Every structure is written in structure tokens, then in C-alpha cells.
Amino acid sequence: MGTVQDEMTIGRFARLCRLSVKQLRHYDEAGLLRPARVDPATGYRYYVPAQARDALTVALLREIDLPLAVITAVLATPEPDRGRLLTAERDRLAERIDRDRARLALLDRLASGHPDHEVVRTTEPARRFAVVRATADPGRIGAAYGECVGRLLATLAGQPWTPPLWGLYPLDLPDGAADGMAVAAAAETDAITTLETVDLPAADVVSTVHHGPYAELPLAYHTLFAWIHERGLTPVGPARETYLVGPGEAEPADLLTRVILEVRP
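Residues numbered from 1 in each chain as written. Predicted model: local features only at pLDDT ≥ 70, side-chain atom pairs only at ≥ 80, totals over all residues. Heavy atoms only, no water.

Participant: For the packing of aromatic side chains, give the residues involved together with the corresponding values.
Facilitator: Applying the stated rule across the entire model yields six aromatic pairs. Ring centres of tyrosine 221 and phenylalanine 225 lie 6.3 Å apart, and the angle between their planes is 25°; this geometry places the pair in the stacked category. One end of the pair, tyrosine 221, and the other, phenylalanine 225, are both in helix H7 (residues 217-230), four residues apart, so they sit about a helical turn from each other. Among the aromatic side chains, those forming a connected cluster through ring pairs are Tyr145, Tyr169, Tyr214 and Tyr243. The ring of tyrosine 46 has arginine 37 lying over it, and the distance from NZ or CZ to the ring centre is 4.7 Å. (Phe/Tyr/Trp six-rings, centres within 6.5 Å; stacked < 30°, edge-to-face > 60°. Helix = DSSP H or I, 4+ residues; strand = E, 2+ residues; numbered from the N terminus. Lys NZ or Arg CZ within 6 Å of the ring centre and 35° of its normal.)

Participant: Break down the sheet that holds strand S11 (residues 256-264) for me, citing the residues and quoting the values.
Facilitator: Spatially, eight strands are ordered S4-S9-S11-S10-S6-S7-S5-S8 in an open sheet, and the strand pairing comes out antiparallel. Pairing within the sheet leaves two strands with one partner each, and these edge strands are strand S4 (120-124) and strand S8 (196-200). Direction aside, the axes of adjacent strands within the sheet are offset by 35° on average. In terms of strand pairing, strand S9 (residues 203-211) meets S11 through seven bridges, oriented antiparallel. (Pairing = 2+ DSSP bridges. Axes fitted to C-alpha atoms, helices over the stretch in contact; angles between N-to-C directions.)

Participant: Account for the environment of proline 201, naming residues and giving values.
Facilitator: Structurally, proline 201 can be placed in the loop between S8 and S9. On the basis of relative accessibility, which here comes to 56%, the residue proline 201 falls in the exposed class. Along the backbone, proline 201 and arginine 101 are 100 residues apart, and their C-alpha atoms lie at a distance of 39 Å. Proline 201 has contacts with Glu124, Pro125, Ala126 and Arg240, leaving out every residue within four places of it along the chain. (Buried < 20%, exposed > 50% of the residue type's maximum accessible area, 1.4 Å probe, protein only. Contact = heavy atoms within 4.5 Å.)

Now the structure itself:
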């Protein structure tokens, strides 16, 4: 990596890279950036100029809170291929930012006293659905449902069905963030198709219409479950969502979704 003449003390190397000695010691202890040599008698760390680029890279990536495992992988990857790892991490960061924005919007509605969802108790007629199912972790529910819709519509092409599209979901949420959740895209149809069909009989239900992004649907569910339990009723799955105005028809703020839960005494 370099000759003894090239070696610098940790203090001099830190100044060269505009880092602190404490940072360099931490990078060494974390296995991110080892010194070029450690004096066995004194324990002093020595670095060479060729390590400056890696030291600066570590500092930059730590500044933007990349995990240590990712930084270690980046440093172990040849320069031309590092972009692939960083792009993948960028995509994961973008997903987290999107989730955080959705949480902020939800908190804003709660903090401002979000409009009450009107709860309606009625009898839902019997319906037959053609369905396509998938299982996804909670963070990919939307993407999984979209994939199911694509497969559903492709199979139903040319066959009669009654808009709008529906979503069928279990009442029990996964125990952990990594556990799968069942998703079913559904279309009401009496036609015989090559798809699985689900018959839901006429039922006593409560429902509400949610106006806004799907990320804020928990507000509608909160209202329905509170209404149900306050009256001593029992919710029965699956939860049904009817997409009255969907993503292809309006901006997220103008989406309309009817949420329906069957209830029993």
C-alpha cells in the first residue's frame, strides 16, 4: 500500500482528510478502515496517502447515515462497481422517505382534527368475485396489490365484470414487519373464469368512504373498529375495500375508497 516513508501518524492523516482522530479510531474498531500499520510496541496507528480517498468516502457515507454493513461492502467493491451498491441504497432510502412522508401526512390529519368518517350500517348484497392473490410484507402491500390487478385484468379481458375493482384483506395484521400479509385483487363477476372465485354472502356490514391517499386509510379503519367495538359487535373478515376513484383517475388527495367490514352480534 505504501512505504514507511509514506506513512503518517493518525493525527497528521486526520488533518489531511479533515477528520478527527476519534473518527479514525472508530472506523478502525468498526472494521471500516484499518491503518496501514500498527506499531506492535506502542499501538500507534499509521496511515498512507492512498487511504485518504477511502477515509473520505467513509466519512461522507456515515454523514448520510448509511449502515456500517453497506459502507463495508462499498469499500470492498472495486470503484467501477460501487455505483450499483450506492444506487440500491439510494432506492431503499427513497422508499423510507416516502413512508415517512405518509406518516407525516397522517400525523397532520390527526393533529388538525381530521374530518370524521361517517359510518353507515347496512346490508351488503351477495357478491361473486374473481380474485388474484399474493402475499407481501406490509411495506409492499400497495405494490403487491398493483401486480395482482395487472394479472386480474389481463385474465378478465373480454369477459364481463362490474367495476369498480375491490381489495380483500385479512382482519389480522402480521405479527412483525417482515411477516407476510395476504392481498387479493377482486372484480365482481358472474362469468366463469379461469381465476379463483370467492362468494361473499349477503351480510350485515358497516362502511365508510375515505377521501384521500391510501396511506391514510388507517384513519377509516380506526373509525370503523371503534364504532363496532363501542356497540358490542364483532368484525368479521375479510375487510373489503372498494376503489370508487382509483390512482388512474385522480391525484392521491382525491382518491375515494369505500371500506366495508362485516359485523355480527
